[in-house]
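# Chains, contacts and geometry: an overview
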Amino acid sequence: MKLLHTADWQLGCAFRSFGDRAAKLREARVQTLRRALEKARAAGVDAFLVAGDLFDDNQVEPALLRRVADLLAEFPDVPVFIVPGNHDPASGPGCIWRRPPFDQPPPHVRVFTEPGVVDLGPACLVANPLTQKLSTRDPALPLGELAAGVPKEKIRIGITHGSLAIEGLHQPNDHPIHPEAASRAGL
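Presented here is an overview of the structure given in this document. Residues take numbers from 1 onward in each chain, read along the sequence in its written order. Reporting of local features is limited, given that this is a predicted model, to residues whose pLDDT is at least 70; pairs of side-chain atoms are given and counted only at 80 or more, and all residues count toward the totals for whole chains, interfaces and linings. To get the side-chain values, all heavy atoms of the structure are used, and hydrogens and water are removed first.

### Comments concerning the pairing of strand E7 (residues 155-159)
A pair of strands counts as paired when DSSP detects no fewer than two bridges linking them. Numbering of helices and strands runs from the N terminus; a helix is a DSSP stretch of H or I covering at least four residues, while a strand is a stretch of E covering at least two. Pairing geometry for strand E6 (residues 123-127) and E7, over five bridges, is parallel. Paired with Cys 124 across the strands is Arg 156, a residue of E7. A clockwise path from the first strand over the helix to the second, with the strands pointing away from the viewer, defines a right-handed crossover. Handedness of the crossover joining E6 and E7 through helix H3 (residues 141-148) is recorded here as right-handed.

See below:
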């Protein structure tokens, strides 16, 4: 099984401190996503994972949403799985995941707006999206409940977004993930 794991693309980032170079930086991120998808295709991955923050926020330009959806559509042979993060949470009336074009993504793209499990043959992807910008709750906790329903012979791959809860090295309200979260959830 081959996976390509990514996170924190933050497409549409303003880069305000970079002045007239900001547009070039935004474009570079989109082109880097294209190159990552090309690498995924060449490697024949079973899943291209985006573990949060594909977009910088839920107020990015609609043209960027369309451009990214069109880019993903160019790679129908690369299964893409997106979990919303704290920058682009799956909540609120302006949620990008509930409006066009991501309300109906290409068939090979799955956006987890709710916790869920997807069968990947020998494995199952167990996903929990974020629904808010800040939280003191470990977003990996629901993964254990979800994984409990996965047949024992399957590999359980967990995906969520947050920060590793290492004492003194994380913000308590930044979706702290316990260092032993994967073991505790049976992933």
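We are not done yet, so read on.
### Some words on the environment of Lys 152
Among the secondary structure elements, Lys 152 is positioned in the loop between H3 and E7. Considering only alpha carbons, one finds Lys 152 and Gly 186, 34 residues apart in sequence, at a separation of 9.8 Å.

### Some remarks on the pairing of strand E1 (residues 3-6)
The side chains of a regular strand alternate, residue by residue, between the two faces of the sheet. In terms of strand pairing, E1 meets strand E2 (residues 47-51) through four bridges, oriented parallel. Bridging across to E2, Leu 3 finds its partner in Ala 47. In this fold, the crossover linking E1 to E2 by way of helix H1 (residues 22-43) has right-handed handedness.

### Considerations on the packing of aromatic side chains
Aromatic pairing here means that ring centres of Phe, Tyr or Trp (its six-membered ring) are within 6.5 Å. Orientation follows from the plane angle: under 30 degrees is stacked, over 60 is edge-to-face, and everything else is tilted. This model, assessed by the stated rule, comprises four aromatic pairs. When the centroid spacing of 5.7 Å and the interplanar angle of 70 degrees are considered together, the rings of Phe 55 and Phe 102 count as edge-to-face. Linking Phe 55 in the loop between E2 and helix H2 (62-73) with Phe 102 in the loop between strand E3 (80-83) and strand E4 (109-111), this pair joins segments that are 47 residues apart in sequence. Of the two residues, Phe 55 and Phe 102, both sit in the buried class. Relative to Phe 102, the ring of Trp 97 lies with its centre 5.2 Å away and its plane at 75 degrees, an arrangement referred to as edge-to-face. Each member of the pair, Trp 97 as well as Phe 102, carries the same accessibility label: buried. Note on exposure labels: buried denotes an accessible area under 20% of the residue type's maximum, exposed denotes more than 50%, and partly exposed covers the range between, all computed with a 1.4 Å probe on protein chains only.

### Observations concerning the pattern of salt bridges
Salt bridges, as used here, are contacts in which a Lys or Arg side-chain nitrogen is within 4 Å of a carboxyl oxygen on Asp or Glu. One pass over the structure, following the stated rule, counts six salt bridges. Among the ionic pairs, Glu 74 bridges to Arg 34, the shortest N-O distance being 2.7 Å. Of this pair, Glu 74 sits in the loop between H2 and E3 while Arg 34 is found in helix H1, placing the two residues 40 residues apart along the sequence. Assessed through its relative accessible area of 24%, Arg 34 is described here as partly exposed.

### Some words on the sheet that holds E2
Strand order in the open sheet made by the four strands is E1-E2-E3-E4, with parallel pairing throughout. Two strands close off the open sheet at either side, each with one partner strand: E1 and E4. Each neighbouring strand pair of the sheet contributes to a mean axis angle of 15 degrees, computed without reference to strand direction. When E2 meets E3, the two strands line up parallel, connected through four bridges. Considered in E3, the bridge of Ala 51 is made with Val 83. The axes are straight lines fitted to the C-alpha atoms, using for helices just the contacting stretch, and the angles between their N-to-C directions are given from 0 to 180°.

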